[in-house]
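Notes for the structure review
Residue strings, one per chain:
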Amino acid sequence: MSLIQRFSLLCFLALTIFVILIGWTISSTMEQHMLHKAIKESADIVQQNVVKHMEPADLAQPKIGQEYNKFSEEIEHLSLGPNIFKLKFWNLDKVIVWTVIQEQVGKQFKENKHLDLAIKGQVTTEIEDSHGLHQKYHDKDDESIEPSKTLELYVPIKVKNSTQPIAVVEAYYNLDPLYDEIAIHKRIYWSRIIVGFALLYVVLFGIVFQASKRINYQNFEIKDMFFQIISTLVNALDTKSSWTKGHSQRTEQYVELIAQEMNIIGEQKQQLMLASMLHDIGKIGTYDSLLDKAGKLTKDEFEMIKLHPVQGVSILENIKQLQNALPIIRHHHERYDGSGYPDGLAGEEIPLMARILTIADCFDAMTADRPYRKALSVEQTIDELDKNKNIQFDPELVDIFIPLLEKLEGKKF
Ligand SMILES: [Fe+2]
Ligand SMILES: [Fe+2]
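Another point: the packing of helix H12 (residues 352-367) against helix H14 (residues 395-409). For the pair H12 and H14, interaxial distance at closest approach is 10 Å and the crossing angle is 50°. Regarding the angle of H12 to H14, the classification is oblique. When you trace H12 past H14, the crossing you get is right-handed. Of H14, the residues touching H12 (which contributes Arg 355, Ile 356 and Ile 359) are Leu 397, Val 398 and Phe 401. Among the residues making up the contact of H12 with H14, the classes are represented as five nonpolar, no polar and one charged.

Written as structure tokens, this is what we have:
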């Protein structure tokens, strides 16, 4: 993944988590605040407009007959505001003293923890949806006035100078308008947060995109400079002897053919190509007279030439980017039967990349004029490659390389 792709993904994930956390925190805080305000307002209304009008004698026993009608009329005249739609009065035995559904008057509900707390003197609340209410109070006939969310407010009714309540009033507060308002506020908050973070994302992306472009350009420049330095090194070698001029570039081309055929890609291919260009760089330290000598080399002269793979590694070993190319350079004169140099490795002990380079290197050396002999024809060279399978060359690589040469030359050998 590129820098910009990684940044896009991680930044998107981080900002999405932030949006969810911040959005959730703000909207739930706002909801709690509005709900708390509504509870306080409705508790004040009940205290001011209901509790203060009650007399102790009114609420001791369930209202029946004429008393029920009279009390109903009194309730009708109370000012309850737009959202309180139903009242229910309980005595301290948890018996309904009065409610709008006359059949419920006189019924006792023992299991109600909110009512218990109100009887002890606390104002308590509970939020119910209409389904919950139906189940709890069996108010199925009363569906017409049931909102989808209801706040049940239990307010203790106390007489003057007493801390103990004489009864409890339960007020039903319609929360639907409040939740509609909360939903509108939530939509506004969420859309502002999302737009805000989207803008932040765009700005951050823009900054990182520009930075990444600059880094890519600088990387390209550094790579370009690196390859120019490599070319300069190879050119320095070429100027030593006209006989080996162009050998590194041609070897690199043959190596590339084999690499493509073997599907060698990425970093491995890059190191192979660099090694191909630089494989004889150790000859920089060899006397020009040896490179240009017309006759056969003496044993001592050949021993000097044999040092070039190790000398090449010594020249290049401080370049971090070439560390994986060094073994290829060191072993490009090993032979498959183990009689090569510098380490006498055999068969698959020789790194595969070095075995590839050996074939390409020898093919170019044989098909080029040298001071001590004339160039072999492609046909003769292919014959040599074939004869030296398992001796100098990896037989499988020879079998890969020969068809590639036939394709290159446009004929079968
Ligand atoms: Fe070499
Ligand atoms: Fe070579």
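Moving on, there is more to tell.
Here we come to the pairing of strand S2 (residues 96-99). Sheet topology note: the strand S1 (residues 84-90)/S2 ladder contains three bridges and is antiparallel. Along S2, the bridge assignment pairs Phe 89 with Trp 98. What sits between S1 and S2 in their antiparallel hairpin is a turn of five residues, with Lys 94 showing a positive phi close to 65°.

Let's shift gears to unusual backbone geometry. For the bond running from Tyr 341 to Pro 342, omega is 5°, close enough to zero to count as cis. Following the sequence through the fold, Pro 342 ends up in the loop between helix H11 (326-330) and H12. Positive phi is not limited to glycine here, since Lys 94 has a value of about 65°. A count of 16 C-beta atoms within 10 Å places Lys 94 in the partly exposed class.

When cut into domains, the protein gives domain 1 (3-188) and domain 2 (239-409). Its C-alpha centre places domain 1 at a distance of 91 Å from the equivalent point of domain 2.

This brings us to the sheet that holds strand S4 (residues 149-158). Sheet strands pair by backbone hydrogen bonding; their relative direction is either parallel or antiparallel. Across the sheet, which stays open at both edges, the five strands sit in the order S2-S1-S5-S4-S3 with antiparallel pairing between neighbours. A single partner strand is all that each edge strand has here, and the edge strands are S2 and strand S3 (124-129). Strand-to-strand twist of the sheet, defined as the mean angle between neighbouring strand axes without regard to direction, takes the value 20°. Here S4 runs beside strand S5 (residues 165-174); their pairing, made up of nine bridges, is antiparallel. Bridge assignment links Tyr 154 to a residue of S5, and that residue is Glu 170. Contacts between helix H1 (residues 3-49) and the sheet are confined to S1, S3, S4 and S5, with S4 contributing the most and set at about 40° to the helix.

Once that is clear, we can look at helix H7 (residues 266-278). Between its first and last C-alpha, H7 extends 19 Å over 13 residues, near the 18 Å set by a 1.5 Å rise per residue. Of all the residues in H7, the buried ones are Gln 271, Leu 272, Met 273, Leu 274, Ala 275, Ser 276, Met 277 and Leu 278. Lining the buried residues of H7 we find helix H5 (176-238), helix H6 (247-261), helix H10 (308-316), H11 and H12.

Conventions used here
- Residues numbered from 1 in each chain as written.
- Chains lettered and ligands numbered in written order.
- Predicted model: local features only at pLDDT ≥ 70, side-chain atom pairs only at ≥ 80, totals over all residues.
- Axes fitted to C-alpha atoms, helices over the stretch in contact; angles between N-to-C directions.
- Helix = DSSP H or I, 4+ residues; strand = E, 2+ residues; numbered from the N terminus.
- Parallel < 35°, antiparallel > 145°, perpendicular 65-115°, else oblique.
- Left-handed = near helix turned anticlockwise from the far one by under 90°.
- Contact = placed C-beta atoms within 7 Å.
- Nonpolar A, V, L, I, M, F, W, Y, C, P; charged D, E, K, R; others polar.
- Pairing = 2+ DSSP bridges.
- Buried ≥ 20, exposed ≤ 12 C-beta atoms within 10 Å, placed from the backbone.
- Domains from an automatic or database assignment.
- Expected span 1.5 Å × (residues − 1).

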